[in-house]
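Geometric and topological summary
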Amino acid sequence: MGVAAISTGSIHTFRSRSGARKFPRIEFPAQVEIDGVMYPTNEWSVGGFSLHDNKYMGKKGDKGAGNLCFDLPVGRFSTPCQFEVMRVSEEGYVLGCQFYSLNSGHQKTLQSIVDTYLTGETISLESVTSYGVKAQLHEEEVKRMQQNWWRFATVAIVALSLITIAALMIQSRVLSIESQHAAVSQPVLTQKSYSNGVLRLGDFKPGQLVEKGQLLFSIYTEEGTDLLAKDKQELSNINSEILYYQTLLRQSKEAVARYNSRLFQELKYISEKRSLLEDEMAARESILRLYIKGVRSGSVDVVSRELERVEIFEIKRDILTLDTHIEGIENQLDQILLGVPPREAQVDMKSPFEVESKLDILVKRKDKILEEIERLKTRGLAYAPCKCYIVAINASDGQVVQTGTSVFELSPISSSERTERSILALMPLERAALLKIGMPVEYRLASNDEKLIGTIEKIQFYSASNSDIYNEEGESLSGLPKTLPRLNQYTLIKVTPSTEDADSVVNEPAKVIATVKWKDVFIHWFNL
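Below is a short write-up of the structure. (Residues numbered from 1 in each chain as written. Predicted model: local features only at pLDDT ≥ 70, side-chain atom pairs only at ≥ 80, totals over all residues. Heavy atoms only, no water.)

A short note on the packing of aromatic side chains
A complete count under the given rule lists 7 aromatic pairs for this structure. Summarising the aromatic geometry, the rings of Phe204 and Phe408 are spaced 5.7 Å apart at their centres and angled 90° between planes, so their arrangement reads as edge-to-face. Of this pair, Phe204 sits in the loop between strand S14 (197–201) and strand S15 (209–210) while Phe408 sits in strand S20 (residues 406–412); the two residues are 204 residues apart in sequence, bridging distant segments of the chain. Summarising the burial analysis for this pair, Phe204 and Phe408 share the class buried. Ring plane angle 45° and centroid distance 6.2 Å describe the contact between Tyr462 and Tyr490, whose orientation is recorded as tilted. Here the residue Tyr462 occupies a position in strand S23 (residues 448–463), and Tyr490 occupies one in strand S25 (residues 489–496), the gap between them amounting to 28 residues. The exposure classification of Tyr462 matches that of Tyr490, with both residues buried. By the ring-pair criterion, three or more aromatic residues cluster together here, those being Phe49, Phe83 and Phe99. (Phe/Tyr/Trp six-rings, centres within 6.5 Å; stacked < 30°, edge-to-face > 60°. Helix = DSSP H or I, 4+ residues; strand = E, 2+ residues; numbered from the N terminus. Buried < 20%, exposed > 50% of the residue type's maximum accessible area, 1.4 Å probe, protein only.)

In structure tokens form, the structure reads like this:
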């Protein structure tokens with residue numbers, strides 16, 4: 001079976017009008033056969049391909065057909081395609097093309113090559129040709145359906161009717177909110193060395209349960225005094241930062257409150273002005289009706305009547321302008337109500353949520369440093385901070401370690417107050433008001449298609465610019481990606497997994513779906 005190794009190349013994506021790319025574009029070697037001539041691609045993806053300059057003549061908007069070919073060790077694999085020229089050089093040579101009317105089977109064939117390339121595996125001729133055979137069978141099936149179109153049309157109409165009825169029934173009952181990112185999470189405590197020296201470990205193994213206060217390791221060092229002074233200096237700096245952010249939080253809340261009050265006053269003023277304009281328009285419309293009668297009787301000239309009509313149009317235009325302004329103010333009030341005030345209302349370009357999040361992190365850091373100071377006073381002895389099991393041991397007995405070296409990774413055991421693992425999911429921010437603590441949600445793990453039911457344990461605001469997540473005990477939670485766009489904001493929910501879920505893997509991707517009834521949607525929309 002022929003394979004093509006994927007060891008070099010880069011990953012790009014087609015850029016859309018907004019600047020983001022639609023499909024991953026890769027540099028895996030490929031050629032396009034057009035009118036019997038082979039043209040090597042510069043890059044390609046499921047959405048199209050690009051050619052080197054001075055190779056193929058064409059104009060923007062031209063459409064053509066050909067074959068996208070890949071050379072494998074045991075032969076050449078090709079898939080038919082139709083394309084439209086999207087970019088050309090100044091000399092008239094084609095630079096970029098986009099696929100259209102691409103058969104779903106052929107699209108899956110190309111997608112399989114892209115997925116294999118991105119995961120760093122090898123491209124198998126057998127797997128690729130299997131998608132090609134499926135695509136060919138699909139085309140033959142389409143031809144057969146075209147020959148018997150009236151039969152399929154009848155079946156399609158009946159099926160469409162049933163599907164439509166089912167869709168309306170489902171839509172009338174529920175609304176699904178799907179996670180944009182989700183993964184299995186686990187609280188992890190990292191036990192680090194607090195000084196330089198020789199490490200002395202006990203007889204521990206990964207997976208072993210340790211009790212709170214049990215001695216984990218000790219370090220023989222003479223630098224404890226200097227490190228203690230450093231920690232005290234850092235503690236002083238953190239206290240200064242906490243004081244600064246406490247002041248900033250107070251100022252931010254006051255600024256948002258002032259901005260909210262100003263918006264209400266402005267909304268009241270504009271609403272009163274609009275009411276006066278409506279009264280003025282009603283009066284002028286009465287005058288206009290009198291002018292119309294006067295023109296008929298000859299007591300009023302036509303010019304006066306038309307001038308009055310122009311005044312009415314100007315008043316209507318002013319009312320429309322005020323309506324636009326009122327809508328803008330109401331949108332800003334809605335943002336403040338959701339807890340995401342506009343930038344104009346924030347102090348130092350930070351919202352109260354961001355400042356509170358930073359304060360929480362600083363307080364947790366302060367508590368950690370206080371713990372470090374206490375441990376330094378015990379001359380390099382490190383004790384288990386809780387009843388937990390050992391996830392990993394990152395150093396060996398007798399090793400010379402430096403300050404900050406990770407020695408143990410610990411995970412607290414489950415108890416009646418907390419669970420060992422959870423599901424972290426990023427939901428759309430605009431649907432935050434529809435999610436409630438204690439609400440059941442459905443989730444699927446990447447390793448299992450079975451539907452599992454969990455319960456929302458916690459809801460909070462999440463910004464990709466600060467991806468560090470901690471629980472109430474100050475333990476870091478893993479699982480979410482670290483490469484999200486920094487400007488994106490989400491609603492973070494923590495889901496208690498099902499009791500049947502005993503084999504989930506830490507950091508395993510998941511998909512979470514929250515089902516909301518229409519009644520809750522209407523209550524949210526109309527504030528009933």
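Considering unusual backbone geometry
Unusually for a residue other than glycine, Asp35 sits at a positive phi of about 55°. Residue position: Asp35 is located in the loop between strand S4 (31–34) and strand S5 (37–45). Unusually for a residue other than glycine, Asn54 sits at a positive phi of about 65°. As for its placement among the helices and strands, Asn54 is situated in the loop between strand S6 (48–51) and strand S7 (63–72). Take Asn54: its relative accessible area is 49%, and that puts it in the partly exposed class.

Observations regarding the pairing of S6
On S6, burial covers both faces: Gly48 and Ser50 on one face and Phe49 and Leu51 on the other are all buried. Looking at chain direction, S5 and S6 are connected through 4 bridges and run antiparallel. Each residue of the ladder has a partner; that of Glu43, found in S6, is Ser50. Sheet topology places S6 next to strand S9 (residues 94–99); 3 bridges connect them, and they run antiparallel. (Pairing = 2+ DSSP bridges.)

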